[in-house]
Amino acid sequence: NQSGYYNVSSQSRGNLFQDNVSDGGLFQIYGFRIGPVVNSGDVWLRNVSVSNMADGFYIEATTNGSLLSNTCVDNRRSGFYLDSSSNLFLQGNYMSRSTNGYRLFDQANGNLLLDNVTEGAVTHGVHLTNSSSNRLIGNRAWGSGSNGILVETSPWGNEFLSNQVHSNAYMG
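Residues numbered from 1 in each chain as written. Predicted model: local features only at pLDDT ≥ 70, side-chain atom pairs only at ≥ 80, totals over all residues. Heavy atoms only, no water.

Engineer: Is there a simple way to think about the nonpolar core in this case?
Structural biologist: In globular proteins that are soluble, nonpolar side chains generally tend to be buried together. One finds Leu45, Phe57, Phe80 and Leu90 to be the most contacted residues of the largest nonpolar core, which totals 24 residues. Going through the elements one at a time, strand S5 (30-34), strand S8 (55-60), strand S11 (78-83), strand S12 (86-91), strand S14 (100-105) and strand S17 (124-129) are the ones with two or more residues in this core. The contact partners of Phe80, leaving out residues within four places of it in the chain, are Phe57, Leu67, Asn70, Cys72, Leu90, Asn93, Tyr94, Met95, Gly101, Tyr102 and Arg103. (Core = buried A, V, L, I, M, F, W, Y, C linked by side-chain atoms within 4.5 Å. Buried < 20%, exposed > 50% of the residue type's maximum accessible area, 1.4 Å probe, protein only. Helix = DSSP H or I, 4+ residues; strand = E, 2+ residues; numbered from the N terminus. Contact = heavy atoms within 4.5 Å.)

Here it is as structure tokens:
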């Protein structure tokens, strides 16, 4: 299945998107946009490739979902952007050459990022802003133009375990 844009919005429950490609070009904003979906009933994205968008995966105001083994390349803003979303599970995802690799923003709380990779982010590999109680385990962030992992704006209770952060321009 090939398209420039997928949108999953309210009243969507129990959806699986697997083996899809989204290659947008200059004017596309999102490869996949999910939300707002309160208690999504486990939206799953698996083996999805997104490139040439503003944000590869934009997840807004969504709870209970998984992003597994997805790829984001050459997106203008973030590869994976979690905005006010909670209880999401991201595992085995790969991001290369976007402004931010993984962005958790504005109350993106209680998420688990496990064994994800960000390579060559323009600014930050992983960027948490005003987000708490997240667990980042076994992730790798290297070659970023600024920080491998940046945590800012009064977050609390985040756990960082066994992550590898190296060869970034500023920290890590």
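Engineer: Would you explain the pattern of salt bridges in this entry?
Structural biologist: Pairing between side chains of opposite charge can happen when the charged atoms of each approach one another. In this structure the tally under the stated criterion is four salt bridges. Notably, a salt bridge pairs Asp55 with Arg77, separated by 3.0 Å at the nearest N-O pair. Of the two residues, Asp55 sits in strand S8 while Arg77 sits in the loop between strand S10 (71-73) and S11, which places them 22 residues apart along the sequence. The exposure class of Asp55 is buried, given its relative accessible area of 2%. On the basis of relative accessible area, Arg77 is assigned to the partly exposed category, the value being 41%. (Salt bridge = Lys/Arg side-chain N within 4 Å of Asp/Glu carboxyl O.)

Engineer: Explain the side chain of Ser85 here, please?
Structural biologist: With respect to the helices and strands, Ser85 occurs in the loop between S11 and S12. Ser85 gets classed as buried once you look at its relative accessible area, which sits at 0%. Within the structure, Ser85 has its side chain in polar contact with the backbone nitrogen of Ala61 (distance 3.2 Å). Other than its neighbours up to four places away in sequence, Ser85 contacts Ile59, Glu60, Ala61, Thr62, Gln107, Ala108, Asn109 and Asn111. (Polar contact = N/O pair within 3.5 Å; in protein donor to acceptor, adjacent residues only side chain to side chain.)

Engineer: What exactly am I supposed to notice about unusual backbone geometry here?
Structural biologist: Backbone phi values are negative for most residues with the exception of glycine, while trans is the configuration of most peptide bonds. Not every positive phi belongs to a glycine, and Asn64 is a case in point at roughly 65 degrees. Considering the arrangement of structural elements, one finds Asn64 in strand S9 (residues 63-68). By relative accessible area, which is 26% here, Asn64 ends up partly exposed. If you check the backbone angles, Asn130 has positive phi at about 55 degrees while not being a glycine. By the element assignment, Asn130 lies in the loop between S17 and strand S18 (135-137). For Asn130, a relative accessible area of 26% gives the class partly exposed.

Engineer: Just to check I follow, could you spell out the packing of aromatic side chains for this structure?
Structural biologist: Centre distance and the angle of the planes are the two values used to describe a pair of aromatic rings. Tallying each qualifying case throughout the model produces four aromatic pairs. The rings of Phe57, Phe80 and Tyr102 are connected pair by pair, giving a single aromatic cluster. (Phe/Tyr/Trp six-rings, centres within 6.5 Å; stacked < 30°, edge-to-face > 60°.)

Purely geometric numbers; function is a separate question.
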